[in-house]
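Remarks on the overall topology
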Amino acid sequence: MAQVRVQTSEEIFDFIVVGSGAGGGPLAANLALAGFSVLLLEAGDEHSCLYYSIPIMQAYASEDAAMRWDFFVRHYDDAASAHADPKYVPDRGGVWYPRGSTLGGSTAISAMVTIYPHPGDWNRLAELTGDDSWNAESMRGLVTRLEAWRGVDAAPLPDDDEAARDEKARHGLHGWLGTTRADPKVGGRDERFLDVIGAMEQTARDRFGIDEQISLPRDPNAADTPVGFAGMTFIPVAVADGQRVGSRERIQSVRSQVPDLLSVRTDALVTRVVFDGERAIGVEYLSGARLYAAAPQDAGPSSAPVVVRARREVILAGGTFNTPQLLKLSGIGPADELTALGIDVVVDAPGVGRNLHDRYEVAVVTELDADYPIFDGAALDIPADPADGDALYSEWRDAHDGPYTTNGTLAAIVAKSTAAQDDSDLIVFSLPIDFRGYYPGYAKDAVAHRNRLSILILKAHTDNRAGTVTLSSADPRDVPEIAFRYFDEGDAFEADLDGVVDGIEIARDIVGHLRLAKPVAELLPGQGVSDRRGLRDFVRSRAWGHHACGTAKIGRDDDPYAVLDGDFRVRGVTGLRVVDASVFPDIPGFFIASAVYLISEKASDVIIAEHRR
Ligand SMILES: Cc1cc2nc3c(=O)[nH]c(=O)nc-3n(C[C@H](O)[C@H](O)[C@H](O)COP(=O)(O)OP(=O)(O)OC[C@H]3O[C@@H](n4cnc5c(N)ncnc54)[C@H](O)[C@@H]3O)c2cc1C
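Given the structure is predicted, the values throughout are model-derived calculations rather than measurements. (Residues numbered from 1 in each chain as written. Predicted model: local features only at pLDDT ≥ 70, side-chain atom pairs only at ≥ 80, totals over all residues. Heavy atoms only, no water.)

A look at the overall build of the protein
We apply this condition: Strands here mean DSSP runs of E at least two residues long; helices mean DSSP runs of H or I at least four residues long; both are numbered from the N terminus. When we talk radius of gyration, it's over C-alpha atoms, and the globule rule is simply 2.2 Å times the number of residues to the 0.38. Note on exposure labels: buried denotes an accessible area under 20% of the residue type's maximum, exposed denotes more than 50%, and partly exposed covers the range between, all computed with a 1.4 Å probe on protein chains only. To be clear on the numbers: accessible area is Shrake-Rupley with a 1.4 Å probe, and residue cover counts the displayed protein chains and nothing else. Note that His is not counted, nor are the chain ends; the positive residues are Lys and Arg, and the negative ones are Asp and Glu. We put the charge of a Lys on NZ, of an Arg on CZ, of an Asp on CG and of a Glu on CD.
A count of helical and extended segments in the protein gives 17 helices and 25 strands. A compact globule built from 613 residues would reach a C-alpha radius of gyration of about 25 Å, and the protein, at 23 Å, matches this within 12%. Burial analysis of the protein (613 residues in total) assigns 60% to the buried set. Taken as a whole, the protein presents about 22300 Å² of accessible surface, with 48% of it coming from carbon and sulfur. Mean positive and mean negative side-chain charge positions of the protein (60 and 93 charges, respectively) differ by 2 Å.

Laid out in structure tokens, this is it:
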């Protein structure tokens, strides 16, 4: 083991948490509420704006230069495959992959969809770790603690009344994370929205033989949702009182409750963990605005490196790209990669930065014969002059009500692809805009036409694990190299690819069920792409993801690539844990933020129990 020089500092906290996103924010808050002194270090600032608050503005939030970091990731190492994607940005050598860098992390710029993982996701972790507290039943207890559900419930099933439905659904009502769904009244305000929702319902009934007695949509977060469920669901979102909620609100609330215990320092880029031998005893950071190279705006002046100390533990929660970078910069990673960059090796950990994977998404985009009437007179942005009579915006501004309280999704179909194991692995959902994935400028393009329908296909439970996060230099302000190695560049791909193609067929079926809106043209994949072979090519070149995970995975003692044990401890050192999307050996469920919130709650319990002994 190499000795790393230790600088002393007057400042000492029980815990230091790095990163305020879905993993770090709630954890820091819980530790402070438990009576520990906590320093939360966040590279971004606390920028607040209407794009943050208004749920429908989520795409603009993700492009807001004050809240985002720009990563450009390689989907393919092969140049021809990479260039086949119109989203590829040649100057940057990759496809744009935004992440939130602000108080709240990516939950500040996300689309807020909150669908809990499948029970099987947790049970597999329980089996892997030999720890029953990971099982689905225990994790459901954490859902109940986390959530404050305020949505309109699904109608009871034929044999249930409302009380029986609620008892089986097991929603939480008193947690810190407000959740709801689009009020059904919103859909009813535009006959074309109703047409899309109706087409989804009829497609679900026809494909899955769902009897008219069963009311649709169902609630995907109800605890009694059958394994392998196939049907129509609404989309739950993290919205309360018509506004976005996420990690930021949890931090702000707890900071005002226990200001002496929770210290939040923004514009603080952590550059390495400081060790005393094998024990993590603090971190070094630079103070200054936008110091990381992924920040789109110019960097402000940087302080000299500052060292703060942790009496008990350091917890990394910088996210899937930054946590492995920070571990490596701190000497924990593949020895050859570190040595080549002159970084002293603390632990030769070959798993750090490996196992990067994501979900695959594509869109079927259709031009319809007429605009959605509800958009008439709406800027579909913050109006330049708020007095100019934009009714949808005014409704949100004056009462936090109406369509702008939603994230824009109309409804979803959940299904099993031909590649599925036990759990459903497809979610197909509709948006009344033109959305083709993430690229710079996508938010404006999405609403340039008001007669578009995008049906998104998201394939869960990806097999391919071939992605990597590799240091590009030993400079902590540099961005690492991120390579996903999609589909045939990966270690398994047939099932992933076929599963997405199955989803496209469902999406086309939905369009075929429209009754009022007349499709004028299929813009993507396009009528010319009709057979499965053509669709596979389309998916290879157009797919994207935004739920990256797995780069510091939990695993068994005998797995050389396991970075963490089942209690989030970094193997080979003491006093250091990781609690963010990096920890998942296998991507959970359909949408990852709720899974990260839940591991944050779980880690809080584990750490508090250990330090109270
Ligand atoms: C545009 C977009 C839409 C999304 N929509 C959804 C959705 O609808 N539903 C869903 O479930 N998921 C969604 N996601 C994904 C979800 O938001 C993330 O997966 C989740 O927030 C990851 O949590 P995390 O704690 O791992 O990292 P993050 O939430 O990304 O937080 C990491 C934080 O750490 C900070 N940080 C990193 N390195 C350092 C450092 N060295 N020093 C100090 N601070 C550092 C960053 O600034 C950031 O604030 C979306 C993501 C994006 C970008």
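What to know about the site of the ligand
What counts here: Each residue is tested against the molecule or strand, and it is near if at least one of its non-hydrogen atoms lies within 4 Å. Under the rule applied, a polar contact is a pair of N or O atoms within 3.5 Å (in protein, one hydrogen donor and one hydrogen acceptor; residues adjacent in sequence only if both atoms are side-chain atoms). Any residue that is not Ala, Val, Leu, Ile, Met, Phe, Trp, Tyr, Cys, Pro, Asp, Glu, Lys or Arg is counted as polar, Gly included; the first ten are nonpolar and the last four charged.
Around the ligand, a shell composed of 41 residues is seen, among which Gly23, Glu42, Ser101, Ser106 and Ala593 lie nearest. Taking isoleucine 592, its main chain carries an N or O atom lying 3.1 Å from an oxygen atom of the ligand. In the complex, the protein chains occlude 98% of the 1000 Å² of accessible area that the ligand would expose alone. Contributions of two or more residues to the shell around the ligand are made by β5 (94-100), β13 (268-276), α11 (322-329) and α17 (593-612). Taken together, the residues of the shell around the ligand sort by class into 21 nonpolar, 17 polar and three charged.

So, the UniProt feature "domain: Glucose-methanol-choline oxidoreductase N-terminal" (unreviewed entry) in the protein
Counted only if it meets this: UniProt positions are given in the numbering used here, feature names are shortened, and annotations may be inferred rather than shown by experiment.
Here the UniProt feature "domain: Glucose-methanol-choline oxidoreductase N-terminal" (unreviewed entry) sits at residues 319-333. Across residues 319-333 one finds 53% helix and 13% strand; the C-alpha atoms that close the span lie 16 Å apart.

Describing the UniProt feature "binding site: FAD" (unreviewed entry) in the protein
Formally: Contact definition: two residues touch when any of their heavy atoms are within 4.5 Å.
On the UniProt side, "binding site: FAD" (unreviewed entry) is annotated at positions that read Val270 here. Assignment of secondary structure puts valine 270 in strand β13. Ignoring sequence-local partners within four residues, the contact set of valine 270 consists of Val18, Leu41, Val283, Glu284, Tyr285 and Leu326.

Here's the deal with the sheet that holds strand β4 (residues 88-89)
To keep it simple, the criterion reads: Between any two strands, at least two bridges found by DSSP are needed for them to pair.
Strand order in the open sheet formed by three strands is β3-β5-β4, with antiparallel pairing between adjacent strands. Single-partner strands in this sheet number two, and they are β3 (68-73) and β4.

Notes on the domain arrangement of the protein
Here is the rule we go by: Note that the domain bounds reflect an automated or database-derived domain assignment. Accessible area that two parts lose when put together, with a 1.4 Å probe and added across both, is what the buried area reports. Each salt bridge in this description consists of a side-chain nitrogen of Lys or Arg and a carboxyl oxygen of Asp or Glu lying within 4 Å of one another.
You can read the domains of the protein as domain 1 (12-110 + 246-351 + 549-612) and domain 2 (173-236 + 358-542). Using C-alpha coordinates to define each centre, domain 1 is positioned 27 Å away from domain 2. Taken together, the 63 residues of domain 1 in the interface contact 59 residues of domain 2. Both sides of the domain 1 and domain 2 interface together cover about 5300 Å² of buried area, and 63% of this is carbon and sulfur. In terms of surface lost to domain 2, no three residues of domain 1 exceed Tyr76, Ile587 and Phe590, which account for 15% of the buried area on that side. Our enumeration of links across domain 1 and domain 2 arrives at three salt bridges. The residue arginine 465 makes a salt bridge to aspartate 586 at a minimum N-O spacing of 2.7 Å. At the junction of domain 1 with domain 2, the criterion picks out 31 residue pairs in polar contact (both at pLDDT 80 or more). When the residues that make up the side of domain 1 that touches domain 2 are grouped by side-chain class, the tally is 39 nonpolar, 13 polar and eleven charged.

A word on helix α5 (residues 119-129)
Among the residues of α5, those classed as buried are Gly120, Asp121, Trp122, Leu125 and Ala126. Those residues of α5 that are buried are in contact with α6 (136-146) and α17. Phi turns positive, to about 65°, at glycine 130, one or two residues after α5.

Some words on the packing of helix α15 (residues 494-512) against helix α16 (residues 532-542)
What counts is decided by this rule: Note on geometry: axes are lines fitted to C-alpha atoms, helical ones only across the stretch in contact, with angles between N-to-C directions running from 0 to 180 degrees. Any angle between 65 and 115 degrees counts as roughly perpendicular, while under 35 counts as roughly parallel, over 145 as roughly antiparallel, and the rest as oblique.
Remark: α15 packs on α16, axes separated minimally by 9 Å, with the N-to-C direction vectors making an angle of 110°. Considering their axes alone, α15 and α16 lie roughly perpendicular with respect to each other. Here Glu494, Leu497, Asp498, Val500, Val501, Asp502, Ile504, Glu505 and Arg508 of α15 lie close against α16, whose contacting residues are Arg532, Leu535, Arg536, Phe538, Val539 and Arg540. The residue inventory of the contact of α15 with α16, partitioned by class, reads seven nonpolar, no polar and eight charged.

Comments concerning the pairing of strand β1 (residues 12-18)
To keep things clear, this is the line we draw: Seen with its strands pointing away from the viewer, a crossover is right-handed when the path leading from the first strand over the helix to the second is clockwise.
In terms of residue burial, β1 counts as a mostly covered element, since six of its seven residues are buried. Bridge analysis of β1 against strand β15 (residues 306-316) gives six bridges, and the strand direction is parallel. The residue bridging isoleucine 16 from the neighbouring strand is valine 314, located in β15. Here β1 runs beside strand β2 (residues 38-41); their pairing, made up of four bridges, is parallel. Bridge pairing in β2 links valine 17 to leucine 40. After leaving β1, the chain enters helix α1 (residues 24-33) and then returns to the sheet as β2, a path that is right-handed.

Here we look at the packing of α6 against α17
The geometry of a pair of packed helices is captured by two quantities: the angle between their axes and the separation between those axes. Remark: α6 packs on α17, axes separated minimally by 10 Å, with the N-to-C direction vectors making an angle of 100°. With respect to α17, the element α6 is oriented roughly perpendicular. Each of Met139, Leu142, Val143, Arg145 and Leu146 in α6 lies in contact with α17, whose residues at this interface are Tyr597, Leu598, Glu601, Lys602 and Asp605. Across the contact of α6 with α17, the residue classes break down as six nonpolar, no polar and four charged.

Section: unusual backbone geometry
Residue proline 217 is reached from leucine 216 by a cis peptide bond, and omega for that bond is 5°. Its place among the elements puts proline 217 in the loop between α9 (191-208) and β8 (231-233). Leucine 524 connects to proline 525 through a cis peptide bond whose omega is -10°. Turning to its location among the elements, proline 525 is positioned in the loop between β24 (519-524) and α16. In this structure, aspartate 267 takes a positive phi of about 50° despite not being glycine. Looking at the element boundaries, aspartate 267 is found in the loop between β12 (262-265) and β13. In this structure, histidine 461 is a non-glycine residue whose phi angle is positive, near 55°. Here histidine 461 is to be found in the loop between β21 (452-459) and β22 (468-470). Residue classification places histidine 461 among the buried positions, given a relative accessible area of 18%.

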